[in-house]
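Chain by chain, the residues run as shown.
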Amino acid sequence: MIACYALPTGVYAQSIALNPATVEAMVNDLGPKSRIIMINGPNISVLRPGDNANQQIKSAGLTKLLVAAITQRLIAEGAVELDTPVSGIIPEIVEANPFERAVTVRHLLQETAGFATPPSVLQSGPKPDLIKAHHLKKFIIKQRSADQLSAHDPVGWAVLVHTLEAAVARPFPFLVKQHFTIPFGLSPSDATIQYAKLSGKHMPVLVSFSEEAATTLAQLLVSNSTINDKTYVPRSRYNAWHDEASGHRLHPNANISMIGFSAHRFGGRTILSSLNSWCGDNTAFTAFPREGSAFLAVSLDSKQTCASHLAKTVSERVATNLFPPVTPSQTLALPPSPSTLSGRYIRADTAPAWLRERLDQMTSDWFTIGGFDSSGIHLTATDGTTRIYRTTGPYMYESADPFHDSKDALIFSPFKLGGYVIKNNDPYRRIDILGVASAFEQLLPWILLTLASGGIYRFTMKDRAWRNMAVFTIMGTALVSLGLYMELTAWPHVLYEQDKAWLISSWRVALNIGLMAVLTVPMFTVSFSRKDKLPQGLIEPVVKLHLILLSASAISLLLMLVAWGVAGTFSAY
């Protein structure tokens, strides 16, 4: 069954006419619990009516697109600029740092600001309004420099909403009304705003759309028209919004992070889609801006049907079977792939702020790129299996296994600071030696027990230097153990729920004092050897071995805490 209707005509791309019945026949085998809406010029067709035609659509991808659309209107009005550092607008939240690349409005809209992902253990839930500025500042933790990688960034969207509100001195609900519902003739109930606490991937602001509002917003990707044939933004601003050259990409053939949406090439055509979407989001969109067509996929059961995969499959089938062929555009010239791609890579679509989640990330999803040979490069996955990928272009590889998914591909980044790779559209980052930090965690109890055993010299040695070493060892081990325990179990609760940043600073100072105390062990060991203070007799080799173990444990602890980002850190966030 196909439901069709038309919205007011306006400024559309030159649409390629699509027969709704033909398209529906192509997608009947996809996701039984889903709705698919096709936008073809001014015509809207519901290809898969589903069961809940009147359900409210809550979508992170559509919310990002709406905020981007509002920003485009504010740019056209001169209220804000894409490359304006946000520290100049909301300095009480984002402080200017002359030693870092400034985070701009563009970075926030492309999700390349590099903010850490909030701890997922924080209690999520509704809040009466957007997170307050003084509390949001605690989430401003940078895990990477701006413009390195585009990844879902809930903190960035909270910062952006605060930035827009500060730029025009108006609350966000007013901006939604002024720049979305009124221009398109929608009622306030068609786009209601829900705020939530920052926790994991949860968006701090999520707009609940009616189906008409969601379709209208998706249609904005192919039409710069509002009611009464008025343009939404000036044509030059609309063209700049769709300008792929201004987007962020890791490789000429990788997805492009645009202003509030993503773009990629398929069969020589540009497809726009939800920005950094994931299967937990129940609605996704795709659009062909030059062909004047868009698709909205609504999953009625996100556990069974992934909306982003559904929208992608629909658009690719339409492009393959119903659009005339086009000549693929030329990509940028790149030098040959270097052999330095070898190393260990971990998932990078989140950048956890909490040490516990960072360590878990290092063990949950990783792979190692091995050596190069005539067959290609070798990839060893988390489960220990090895696959071979053959070269398809500069920094590009695809699986050479005939029984494996032919779309399994690796695209390495030759731009920015390097160290990133896209594997099946999922970003990974190179960590090399830091990757063994997760293995160090299993050795940590033994390292601490070994260091604590140095306390025995407090009771068995009469020399003052030996007794001092014992005191430093016992005290240092205790302070480090306490500090690490608090870091791994209590940090998010103390900072975000109890609001006691001073307590975190206290245990971090104590931890670093303890680390300095432990690092005296190698110095004591060298001193004992030079001054011939080692005990004589049968016990001498045992003591020497023990001192070697103590020194190795102290140095290992230092390297571990440096790799974990704990050593030398004193502030709470």
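Cut-offs and rules
- Residues numbered from 1 in each chain as written.
- Predicted model: local features only at pLDDT ≥ 70, side-chain atom pairs only at ≥ 80, totals over all residues.
- Heavy atoms only, no water.
- Helix = DSSP H or I, 4+ residues; strand = E, 2+ residues; numbered from the N terminus.
- Contact = heavy atoms within 4.5 Å.
- Axes fitted to C-alpha atoms, helices over the stretch in contact; angles between N-to-C directions.
- Parallel < 35°, antiparallel > 145°, perpendicular 65-115°, else oblique.
- Left-handed = near helix turned anticlockwise from the far one by under 90°.
- Nonpolar A, V, L, I, M, F, W, Y, C, P; charged D, E, K, R; others polar.
- Core = buried A, V, L, I, M, F, W, Y, C linked by side-chain atoms within 4.5 Å.
- Buried < 20%, exposed > 50% of the residue type's maximum accessible area, 1.4 Å probe, protein only.
- Patch = residues over 30% accessible without salt bridge, like charges linked within 9 Å, V, L, I, M, F, W, Y side chains within 5 Å.
- Areas by Shrake-Rupley, 256 points an atom, 1.4 Å probe, with all protein chains shown as cover.
- Salt bridge = Lys/Arg side-chain N within 4 Å of Asp/Glu carboxyl O.
- Phe/Tyr/Trp six-rings, centres within 6.5 Å; stacked < 30°, edge-to-face > 60°.
- Lys NZ or Arg CZ within 6 Å of the ring centre and 35° of its normal.
- pLDDT = per-residue confidence, 0-100.
- Pairing = 2+ DSSP bridges.
- Lys, Arg positive; Asp, Glu negative; His and termini not counted.
- Polar contact = N/O pair within 3.5 Å; in protein donor to acceptor, adjacent residues only side chain to side chain.
- Expected span 1.5 Å × (residues − 1).

Description of the side chain of Thr283
- As for its position among the elements, Thr283 is in strand 12 (residues 283-288).
- When near neighbours in sequence (up to four residues on either side) are disregarded, Thr283 contacts Ile57, Ser59, Leu62, Leu296, Ala297, Val298 and Ala307.

Topic: the packing of helix 2 (residues 60-77) against helix 5 (residues 154-168)
- Axis separation between helix 2 and helix 5 bottoms out at 12 Å; the angle between their running directions is 30°. Comparing their axes, helix 5 and helix 2 come out roughly parallel. Both helix 2 and helix 5 take part in a crossing whose hand is left-handed. Contacts between helix 2 and helix 5 involve Lys64, Val67, Thr71 and Leu74 on the former and, on the latter, Trp157, Leu160, Leu164 and Val168.
- Considering only residue class, the contact of helix 2 with helix 5 consists of six nonpolar, one polar and one charged.

Some remarks on the nonpolar core
- In this structure, Val159, Phe172, Phe180, Phe209, Trp241 and Trp491 are the most contacted members of the largest nonpolar core, which totals 89 residues.
- Examining the composition of this core, we find that 10 residues originate from one element, helix 2, more than from any other.
- Among residues more than four places away in sequence, those in contact with Trp491 are Pro119, Ile141, Ala353, Trp354, Met486, Tyr496, Ile504, Trp507, Arg508 and Ala572.
- Counting residues in hydrophobic clusters, the runner-up holds 23 residues, among them Ile447, Leu448, Leu451 and Ala563.

Focus on a nonpolar patch on the surface
- On the surface, Val509, Ile513, Met516 and Phe570 cluster together into a nonpolar patch covering about 360 Å² of accessible area.
- Tracing the backbone through its elements, the reader meets Val509 in helix 15 (residues 501-518).

Quick word on the pattern of salt bridges
- One pass over the structure, following the stated rule, counts 21 salt bridges.
- Measuring nitrogen to oxygen at the nearest pair gives 2.7 Å for the salt bridge that ties Arg35 to Glu211. Note that Arg35 is positioned in strand 2 (residues 34-40) and Glu211 in helix 7 (residues 211-219), a separation of 176 residues in sequence. Just as Arg35 is buried, Glu211 falls in that class too.
- One salt bridge connects Arg106 with Asp83, and the closest N-O pair in it is separated by 2.8 Å. With Arg106 in helix 3 (residues 105-110) and Asp83 in the loop between helix 2 and helix 3, this pair connects stretches of sequence that are 23 residues apart.
- Looking at Arg106, the relative accessible area reads 19%, which means it is buried.
- It is possible to trace a salt-bridge network through shared partners that takes in Arg347, Asp349, Asp365 and Asp426.

Concerning the packing of aromatic side chains
- Under the definition given, this model contains 16 aromatic pairs.
- For the ring pair Tyr345 and Phe412, a centre distance of 6.0 Å and an interplane angle of 70° mean the geometry is edge-to-face. Taken together, the residues Tyr345 in strand 14 (residues 343-347) and Phe412 in strand 19 (residues 409-412) connect sequence positions 67 residues apart. Both residues of the pair, Tyr345 and Phe412, count as buried.
- Positioned above the aromatic ring of Phe174 is the side chain of Arg170, whose terminal nitrogen or guanidinium carbon lies 4.5 Å from the ring centre.

As for the confidence of the model for the protein chain
- Averaged over every residue, the pLDDT of the protein chain is 86; the share at 70 or more is 89%.
- Contacts of residues 1-13 to residues separated by more than four positions or lying in other chains number 47 contacts, the stretch itself having pLDDT below 50.

Things to note about the pairing of strand 11 (residues 269-274)
- Among the six residues in strand 11, six count as buried, and that is most of the element.
- Relative to strand 11, strand 10 (residues 261-266) runs antiparallel, the two sharing six bridges. Residue pairing in the sheet places Phe266 in a bridge with Arg269 of strand 11.
- Here strand 10 folds back onto strand 11, and the loop between the two strands holds two residues, one of which, Gly267, carries a positive phi near 60°.
- The pairing of strand 11 with strand 12 spans two bridges and is classified as antiparallel. Counted as the bridge partner of Ser273 is Thr286 from strand 12.

Points about the side chain of Arg73
- Structurally, Arg73 is set in helix 2.
- Within the buried set, Arg73 has no salt-bridge partner at all; the shortest N-O distance to an opposite charge, 5.2 Å, is to Glu77.
- In terms of polar contacts, Arg73 uses its side chain to reach the backbone carbonyl oxygen of Tyr232, at 2.9 Å.

Details of helix 17 (residues 540-563)
- Under the 1.5 Å per step criterion, the end-to-end length of helix 17 is 35 Å for 24 residues, consistent within 8% with the ideal 34 Å.
- Every buried residue of helix 17 is listed here: Val543, His546, Leu547, Leu550, Ser551, Ser553, Ala554, Leu557, Met560, Leu561 and Ala563.
- Just beyond helix 17, the residue with positive phi is Gly565, at close to 80°.

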